[in-house]
Amino acid sequence: MLGLRLDNEELLGLALGYFEIRTLTKAMLKIKNSVLIQVSTEKVFAFLAVPENLPLWNYYLITVNKISSGNPVVGSQYHQIRKKDEQYFEITGFEENKFIEFTSTRPSLVQFKRKMSFSSTNNVCAIDDVLELKSVVPSFLLRLFTKNIQKAVNENLGKLKQL
C-alpha cells in the first residue's frame, strides 16, 4: 500500500472510472525581519511609501509601475516585473510614518502580503517587515527555500541603509 488516503467522494469517482485532480492547497510562508537605519523615520517612510522605489533596493524586482492615478494611498494599484514573473498588487494599509501594507491582487505563482511597520528612537528608524507568501508550490518545497528567502529579504532590507 502506498499510504494513499482517499475520501468517499474520491473512492466513488474511482469506482465510476474517473478521478478529479483537486486544486493544490496553497503553501504559506511567513517571514519576519527587522532593520535599523540611521535616518529619520519620516525620510525612510517617504522613500518606501513610493512602490516605484522598490527595485532600487530589492534585487529581484526589475520594475514597478503605478497603474492607477493619484498619490500612493490605500487602493493604489501597481504592476511589478520580477526576474522570473510578474505580479499585480495594491496598497492595502497606510498610516503615514507608521506602516504601509502591500497585497497581491491577481492570481500568480506566488501571492503575497507585506507589512512594513516603522518606529523611531533618537533619529534612528526601525523597520519591522512581515512578508506572507502563498504559493502553489508544494509546502515541503517552500519550506526548503525558507532560509534562502529570508536571507534575501534581509539582504534587501540591508540595502536600504546604503540609499
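Everything that follows concerns the structure shown earlier in this document.
From a predicted model like this one, the values you see are computed outputs, not experimental measurements.

The rules we used
Residues numbered from 1 in each chain as written. Predicted model: local features only at pLDDT ≥ 70, side-chain atom pairs only at ≥ 80, totals over all residues. Heavy atoms only, no water. Helix = DSSP H or I, 4+ residues; strand = E, 2+ residues; numbered from the N terminus. Pairing = 2+ DSSP bridges. Axes fitted to C-alpha atoms, helices over the stretch in contact; angles between N-to-C directions. Salt bridge = Lys/Arg side-chain N within 4 Å of Asp/Glu carboxyl O. Phe/Tyr/Trp six-rings, centres within 6.5 Å; stacked < 30°, edge-to-face > 60°. Buried < 20%, exposed > 50% of the residue type's maximum accessible area, 1.4 Å probe, protein only. Lys NZ or Arg CZ within 6 Å of the ring centre and 35° of its normal.

(A) Representation of unusual backbone geometry in the model. Residues other than glycine seldom take positive phi values, yet Asn 97 does so here, at roughly 65°. Tracing the sequence through the fold places Asn 97 in the loop between strand S4 (86-95) and strand S5 (99-104). A positive phi angle, near 60°, is found at Asn 123, a position not held by glycine. As for its placement among the helices and strands, Asn 123 is situated in the loop between strand S6 (110-121) and strand S7 (124-135).

(B) Broad picture of the sheet that holds S7. Strands sit in the order S1-S7-S6-S5-S4-S3-S2 across an open sheet of seven strands; the sheet is antiparallel. With one partner strand each, in any of the chains shown, strand S1 (27-37) and strand S2 (61-66) form the two edges of the open sheet. The sheet shows a mean angle of 20° between the axes of neighbouring strands, direction not considered.

(C) Layout of the pattern of salt bridges. Applying the stated criterion across every chain, the model contains three salt bridges. Close ionic contact of Lys 30 with Glu 132 constitutes a salt bridge, the shortest N to O distance being 3.8 Å. With Lys 30 in strand S1 and Glu 132 in strand S7, the pair connects residues that are 102 residues apart, well separated along the chain.

(D) Representation of the packing of aromatic side chains within the structure. Evaluation of the coordinates by the stated rule reveals six aromatic pairs. A centroid spacing of 5.8 Å and a plane angle of 70° characterise the contact between Tyr 59 and Tyr 60, whose relative ring orientation is edge-to-face. We classify Tyr 59 as partly exposed; its relative accessible area is 41%. Where Tyr 78 meets Phe 89, the ring centres are 5.2 Å apart and the plane angle is 15°; that geometry is what we call stacked. Of the two residues, Tyr 78 is situated in strand S3 (residues 77-82) and Phe 89 in strand S4; the sequence distance between them amounts to 11 residues. Judged by its relative accessible area of 1%, Phe 89 falls in the buried class. Of the aromatic side chains, those joined through ring pairs into one cluster are Tyr 78, Phe 89, Phe 102 and Phe 112. The side chain of Arg 106 reaches across the aromatic face of Tyr 88, ending 3.8 Å from its centre.

Coordinates in, geometry out; function isn't part of it.
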